[in-house]
Amino acid sequence: MRSFSLFLILILLMVGSDGVYRYKRRERCPKVKAMRNFELSEMMGHWFVIQYFASTEEAPEYSCMRSVFSFSHDDLTVTMNFTYIYADDPFHEIQQGNITWIIPDFATSAHWVHAEDIYEGIYNTYIIDTDYKSWTLIMHCAEKTKDPPRYLSALLLSREQQLGVNVINFLREKLPRYDIDISFMFPIDQGKCDESGSKSTGLGVEQPMKVTMNFTYIYADDPFHEIQQGNITWIIPDFATSAHWVHAEDIYEGIYNTYIIDTDYKSWTLIMHCAEKTKDPPRYLSALLLSREQQLGVNVINFLREKLPRYDIDISFMFPIDQGKCDESGSKSTGLGVEQPMKVIHK
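In this report, we go over the structure that sits alongside the text. (Residues numbered from 1 in each chain as written. Predicted model: local features only at pLDDT ≥ 70, side-chain atom pairs only at ≥ 80, totals over all residues. Heavy atoms only, no water.)

1. Quick notes on the pairing of strand β8 (residues 135–143)
Then comes step 1: A large share of β8 lies buried, amounting to nine of its nine residues.
Then comes step 2: Across the two faces of β8 the burial is the same, with W135, L137, M139, C141 and E143 and T136, I138, H140 and A142 all buried.
Then comes step 3: As paired strands, strand β7 (residues 122–130) and β8 are joined by eight bridges and run antiparallel to one another. Bridged to I122 within β8 is E143.
Then comes step 4: Taken together, the nine bridges between β8 and strand β9 (residues 150–158) define a ladder with antiparallel strand orientation. When the bridges of β9 are listed, T136 appears paired with L157. (Buried < 20%, exposed > 50% of the residue type's maximum accessible area, 1.4 Å probe, protein only. Helix = DSSP H or I, 4+ residues; strand = E, 2+ residues; numbered from the N terminus. Pairing = 2+ DSSP bridges.)

The structure is reproduced here in structure tokens:
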């Protein structure tokens with residue numbers, strides 16, 4: 001009888017110990033494998049939130065959740081503006097919010113840490129996977145001293161209002177390894193969210209989507225190498241032709257168009273500007289050849305330059321810009337003489 005009692009006690013101890021182990025494990029965030037070789041710039045733009053999970057919620061609460069990511073070279077931040085409607089709100093009132101992340105290590109740029117002081121404890125965000133053009137899977141995990149000690153959430157994003165069932169299932173299956181119960185991964189209704197069919201700001205006013213370029217440069221003959229800076233903002237008049245932008249600033253008199261002539265996204269882009277004015281000269285042409293790296297192959301440069309003469313651009317006046325020794329530290333500079341951590345802002 002004693003041996004039976006001892007055996008029963010051992011079983012209870014084992015179960016109890018295992019229960020304690022699971023509880024402690026769930027107090028901490030799981031070790032997450034963020035996406036490798038993540039290209040932050042390619043993830044920017046408009047997304048629909050197709051599905052979501054939150055460890056504090058047991059029923060679907062939202063509809064019409066949308067987000068827009070944009071990158072600012074001025075302060076090295078990424079902004080995510082998002083809007084949503086509570087599913088049970090009869091008035092369909094649009095809500096909005098924001099979050100800011102810092103990217104602590106560019107070698108693992110798919111891992112972000114929340115920067116706001118309002119978040120107590122450690123709050124990590126991970127890009128689990130993305131194909132950039134169609135879908136993205138994001139996960140958040142917070143470790144706190146208050147109850148509950150851990151908070152998990154996940155967002156499944158799509159460029160379109162709908163995403164194929166096979167893709168959704170493929171992405172959902174990546175989450176259980178991180179302690180996410182996908183039976184509580186709820187769909188978000190995107191139907192009839194914006195009857196006009198246009199991209200809404202979520203502020204009750206239809207506004208055109210904008211693109212901003214922040215840039216820095218040095219005059220070649222400046223002996224002091226003083227860094228100059230500026231910015232240009234464009235409106236995208238028609239998303240069916242999203243490679244055509246129109247300058248938004250009032251200071252530009254007349255029509256000022258910008259065109260993405262060609263790009264491979266990962267290495268190079270060719271941009272052209274053309275302004276029609278009433279003053280002399282009546283037309284202004286310019287072009288930029290952009291590269292992700294400080295150098296670009298001669299064959300690629302020649303290939304892109306040859307696209308310009310058809311647009312009345314004399315490529316004998318297409319000048320190279322020296323990128324040598326522009327930033328002796330070798331790090332990503334803000335161009336303002338101050339090194340700053342990368343941030344992601346989620347509004």
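2. Considerations on the packing of aromatic side chains
Then comes step 1: For the structure shown, the criterion picks out 16 aromatic pairs.
Then comes step 2: Ring geometry for Y217 against Y219: centres 5.6 Å apart, planes inclined by 90 degrees, an arrangement best described as edge-to-face.
Then comes step 3: Given a relative accessible area of 32%, Y217 falls into the partly exposed group.
Then comes step 4: For Y219, a relative accessible area of 46% translates into the label partly exposed.
Then comes step 5: Judged by centre distance (6.3 Å) and plane angle (50 degrees), the rings of Y256 and Y284 are tilted. Here Y284 lies in strand β16 (residues 283–291) and Y256 lies in strand β14 (residues 255–263), a separation of 28 residues in the sequence.
Then comes step 6: Residue classification places Y256 among the buried positions, given a relative accessible area of 13%.
Then comes step 7: Note on Y284: relative accessible area 37%, which makes it partly exposed.
Then comes step 8: Each residue in the set Y52, Y62, F82, Y84, Y86, F184 and F186 is aromatic and connected to the rest through ring pairs, giving one cluster. (Phe/Tyr/Trp six-rings, centres within 6.5 Å; stacked < 30°, edge-to-face > 60°.)

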